[in-house]
Amino acid sequence: MLDCACGVFSSSSYRGTTTAEIAKKAGVTEPVLYRHFASKRDLYLAVLEESWRRLRGLWNGALEDEPDPRLWVGAIGRAYFAATDPKVLCADLWIQALTEASDDPVIRRSLRKQMREVHTYVSEVIERSQAAGGVFPERDPNAEAWIFISIGLLGTVSRRVGSLEADDYEAIFASRRKWMAGL
């Protein structure tokens, strides 16, 4: 059920998705869905967590595949932008959650918590890459992690409204590589 909900929410929106639609896609009835999740909001929060779990797995795999820690920041960035499974694209769900967060303090707290967890993960990757000489020592890992996340959010906005071209991304990535590592 969570897998189906993750896919439906990721490709639609919180408000535009119904529990009936999720239940049907999962091959269960709505009462069965509500035995596992007390509300649509609880299901959505579980989807946010599942998406972050999947993204963390994707990034951990990218780090394992890249033996040189100096290249880890680029490796996780490339892994995110190359991902085709919408269930790992946390930023898509964050964009939706922003709308809900203004009206729902529970979603707002969950979104804030998850964004902090993602930030901590990215910041630690940057620090480890810095220690290996892959990122200039004078770069602030906390600030750079927020910028890294914002580029992911920009990619989400672009995917949804079509604002950036492939060349734009290459220019952004090249500028960030030069700033962070002189490459």
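Residues numbered from 1 in each chain as written. Predicted model: local features only at pLDDT ≥ 70, side-chain atom pairs only at ≥ 80, totals over all residues. Heavy atoms only, no water.

## Here we look at the environment of A23
- Along the chain, A23 turns up in helix 2 (residues 19–26).
- For A23, a relative accessible area of 1% corresponds to the buried category.
- Remark: the alpha-carbon pair of A23 and Y34, spanning 11 residues in sequence, is separated by 9.4 Å.
- Not counting residues within four places of it along the chain, the set of residues in contact with A23 comprises V28, T29, E30 and L33. (Helix = DSSP H or I, 4+ residues; strand = E, 2+ residues; numbered from the N terminus. Buried < 20%, exposed > 50% of the residue type's maximum accessible area, 1.4 Å probe, protein only. Contact = heavy atoms within 4.5 Å.)

## Topic: the nonpolar core
- In terms of nonpolar packing, the biggest core is built from 46 residues, with F9, Y44, W59, I76, W94 and V122 touching the most fellow members.
- Looking at this core, the elements with two or more residues in it are helix 1 (2–11), helix 2, helix 4 (40–65), helix 5 (72–82), helix 6 (90–101), helix 7 (105–131) and helix 8 (141–161).
- Looking at this core element by element, the count peaks at 10 residues for helix 4.
- Dropping the residues within four chain positions of it, I76 is found in contact with W59, A62, L63, V122, V125 and F148. (Core = buried A, V, L, I, M, F, W, Y, C linked by side-chain atoms within 4.5 Å.)

## What to know about helix 2
- Within the sequence span of helix 2, burial applies to T19, I22 and A23. Take helix 2 and look down its axis: the buried residues cluster within an arc of 100°, on one side only. Exposed residues lying more than 90 degrees from the buried face of helix 2 are K24 and K25.
- In the core, the buried residues of helix 2 are packed alongside helix 1, helix 3 (30–36) and helix 4.
- G27 sits one or two residues past helix 2 and shows a positive phi near 75°. (Arc of directions from axis to C-beta.)

## Brief notes about a negative patch on the surface
- Together, E165, D167, D168 and E170 line one region of the surface with negative charge.
- Tracing the chain through its elements places D168 in helix 9 (residues 166–181). (Patch = residues over 30% accessible without salt bridge, like charges linked within 9 Å, V, L, I, M, F, W, Y side chains within 5 Å. Areas by Shrake-Rupley, 256 points an atom, 1.4 Å probe, with all protein chains shown as cover. Salt bridge = Lys/Arg side-chain N within 4 Å of Asp/Glu carboxyl O. Lys, Arg positive; Asp, Glu negative; His and termini not counted. Charge placed at Lys NZ, Arg CZ, Asp CG, Glu CD.)

## Looking at the layout of surface pockets
- Roughly 610 Å³ of volume is contained in the largest pocket.
- Lining the largest pocket we find 31 residues, and of these V73, G74, G77, R78 and F148 sit closest to its centre.
- Among the elements that make up the lining of the largest pocket, the one with the highest residue count is helix 5 (7 residues).
- Its residues assigned to classes, the lining of the largest pocket comprises 21 nonpolar, 4 polar and 6 charged. (1 Å grid on protein atoms, 1.4 Å probe; cavity = no way out; pocket = protein on both sides within 12 Å on 5 of 7 lines; lining within 4 Å. Points joined across faces, edges and corners; volume = space filled by probe spheres on them. Nonpolar A, V, L, I, M, F, W, Y, C, P; charged D, E, K, R; others polar.)

## Observations regarding the packing of aromatic side chains
- Under the defined criterion, the tally for this structure stands at 11 aromatic pairs.
- Between W52 and W59 the ring centres are 6.2 Å apart and the planes differ by 75°, which places this aromatic pair in the edge-to-face class. Here W52 matches W59 in class, with each residue buried.
- Every member of this aromatic cluster is reached through a ring pair, and the members are W52, W59, Y121 and F148.
- Over the ring of Y14 we find K40, and its NZ or CZ is 4.7 Å from the ring centre.
- Residue placement shows R139 over the ring face of W179; its charged tip is 3.5 Å from the ring centre. (Phe/Tyr/Trp six-rings, centres within 6.5 Å; stacked < 30°, edge-to-face > 60°. Lys NZ or Arg CZ within 6 Å of the ring centre and 35° of its normal.)

## Quick notes on the packing of helix 8 against helix 9
- The geometry of helix 8 relative to helix 9 is characterised by a closest axis approach of 12 Å and an angle of 175° between their N-to-C directions. Between helix 8 and helix 9, the crossing angle belongs to the class labelled roughly antiparallel. Together, E144, I147, I151, L154, G155 and S158 of helix 8 and Y169, I172, F173, R176, W179 and M180 of helix 9 make up the contact between the two elements.
- Across the contact of helix 8 with helix 9, the residue classes tally to 8 nonpolar, 2 polar and 2 charged. (Axes fitted to C-alpha atoms, helices over the stretch in contact; angles between N-to-C directions. Parallel < 35°, antiparallel > 145°, perpendicular 65-115°, else oblique.)

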